[in-house]
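A closer look at the structure
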Amino acid sequence: MNIILFGPPGAGKGTQAKHLVEKFKLFHVSTGDLLRNEIRKKSDIGKKIVNEMNDGRFVSDDIVNELIKDIVLDPQKKEKLIFDGYPRSISQAKNLDLLLSSSEQKIDLVIFLNVNKDTLIKRIEKRKIIEKRSDDNLETLAKRYDTYMDTTRPVLDYYSKKPNFHEVDGTLKIDQISAKIDAFLNF
């Protein structure tokens, strides 16, 4: 199965992805992790990513699509992917459709973790202390949240018309969210 987890920064996508990876032996595809890895490697792509992320902007579709391509086309990961933070634009959604189609795959479940801005700010403050992520500050979060809502709304509209789309209250406790997602998977 292939799953897409949507939600603004701090919504709990990574936490839910870890749950699904452990329970169903899937591969977690976090664009945030892929981008941070490029930054750590200090690659040319990494330098571009830093500038865009620090400005609260999303990284260009071309960069993200290229990072995703090898993962989707890896035969060992076929039908075992959880997309966390991808796609974030219609261009990325169409790219994903093409990649999946070319490798005879599909998306089985789309989950939107809906969380309001105030709750996210509290979560990001905690996460900054625990994980010490450089992109976790309130000014950046505010920009990323607004950008997320502006950019991703069309993608949510794109997927929400499909029968495999489900919205979950992302302010619930972690285990309650996990139980709702598991129920969608009929396990």
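Residues numbered from 1 in each chain as written. Predicted model: local features only at pLDDT ≥ 70, side-chain atom pairs only at ≥ 80, totals over all residues. Heavy atoms only, no water.

Quick look at the packing of helix H1 (residues 13-24) against helix H8 (residues 174-184) now. Running from N to C, H1 and H8 point in directions that differ by 55°, and their axes come no closer than 10 Å. Put simply, H1 runs oblique to H8. Judged by the sense of rotation from one axis to the other, the crossing of H1 with H8 is right-handed. In contact with Thr-15, Gln-16, His-19, Leu-20, Lys-23 and Phe-24 of H1, H8 contributes Ile-174, Ile-177, Ser-178, Ile-181 and Asp-182. For the contact of H1 with H8, the class distribution of residues is 5 nonpolar, 4 polar and 2 charged. (Axes fitted to C-alpha atoms, helices over the stretch in contact; angles between N-to-C directions. Helix = DSSP H or I, 4+ residues; strand = E, 2+ residues; numbered from the N terminus. Parallel < 35°, antiparallel > 145°, perpendicular 65-115°, else oblique. Left-handed = near helix turned anticlockwise from the far one by under 90°. Contact = heavy atoms within 4.5 Å. Nonpolar A, V, L, I, M, F, W, Y, C, P; charged D, E, K, R; others polar.)

For the rest of this paragraph, the subject is the packing of aromatic side chains. Inspection of every chain in the model, using the stated rule, returns 3 aromatic pairs. Ring centres of Tyr-158 and Tyr-159 lie 5.0 Å apart, and the angle between their planes is 85°; on these two criteria the pair is classed as edge-to-face. Here the aromatic residues Phe-6, Tyr-158 and Tyr-159 are joined through ring pairs into a cluster of three or more. (Phe/Tyr/Trp six-rings, centres within 6.5 Å; stacked < 30°, edge-to-face > 60°.)

So, on to H8. Of the positions making up H8, those classed as buried are Ile-177, Ser-178, Ile-181 and Asp-182. Taken down its axis, H8 places every buried residue within 135° of arc, on the same side. Each element contacted by the buried residues of H8 is listed here: H1, strand S4 (109-114) and strand S5 (165-169). One or two positions beyond H8, positive phi appears at Asn-186, with a value near 60°. (Buried < 20%, exposed > 50% of the residue type's maximum accessible area, 1.4 Å probe, protein only. Arc of directions from axis to C-beta.)

What follows deals with the nonpolar core. Counting 29 residues, the largest nonpolar core has Ile-4, Phe-6, Ile-68, Val-72, Phe-83, Leu-96 and Tyr-159 as the members making the most contacts within it. Those elements giving two or more residues to this core turn out to be strand S1 (3-6), helix H3 (44-54), helix H4 (61-72), strand S3 (81-84), helix H5 (90-102), S4 and helix H7 (138-160). Look past the residues within four positions of Ile-68 in its chain and what remains in contact with it is Val-29, Thr-31, Leu-34, Phe-83, Tyr-86 and Leu-99. (Core = buried A, V, L, I, M, F, W, Y, C linked by side-chain atoms within 4.5 Å.)

Judged by pairing direction, the sheet is parallel, and its 5 strands sit side by side in the order S2-S3-S1-S4-S5 without closing on themselves. The sheet is open, and its two borders are formed by strand S2 (27-30) and S5, each paired with just one other strand. Mean inter-strand twist for the sheet, computed between neighbouring axes without regard to direction, equals 20°. Across the face of the sheet, H4 comes into contact with S2 and S3 while running at roughly 165° to S3. (Pairing = 2+ DSSP bridges.)

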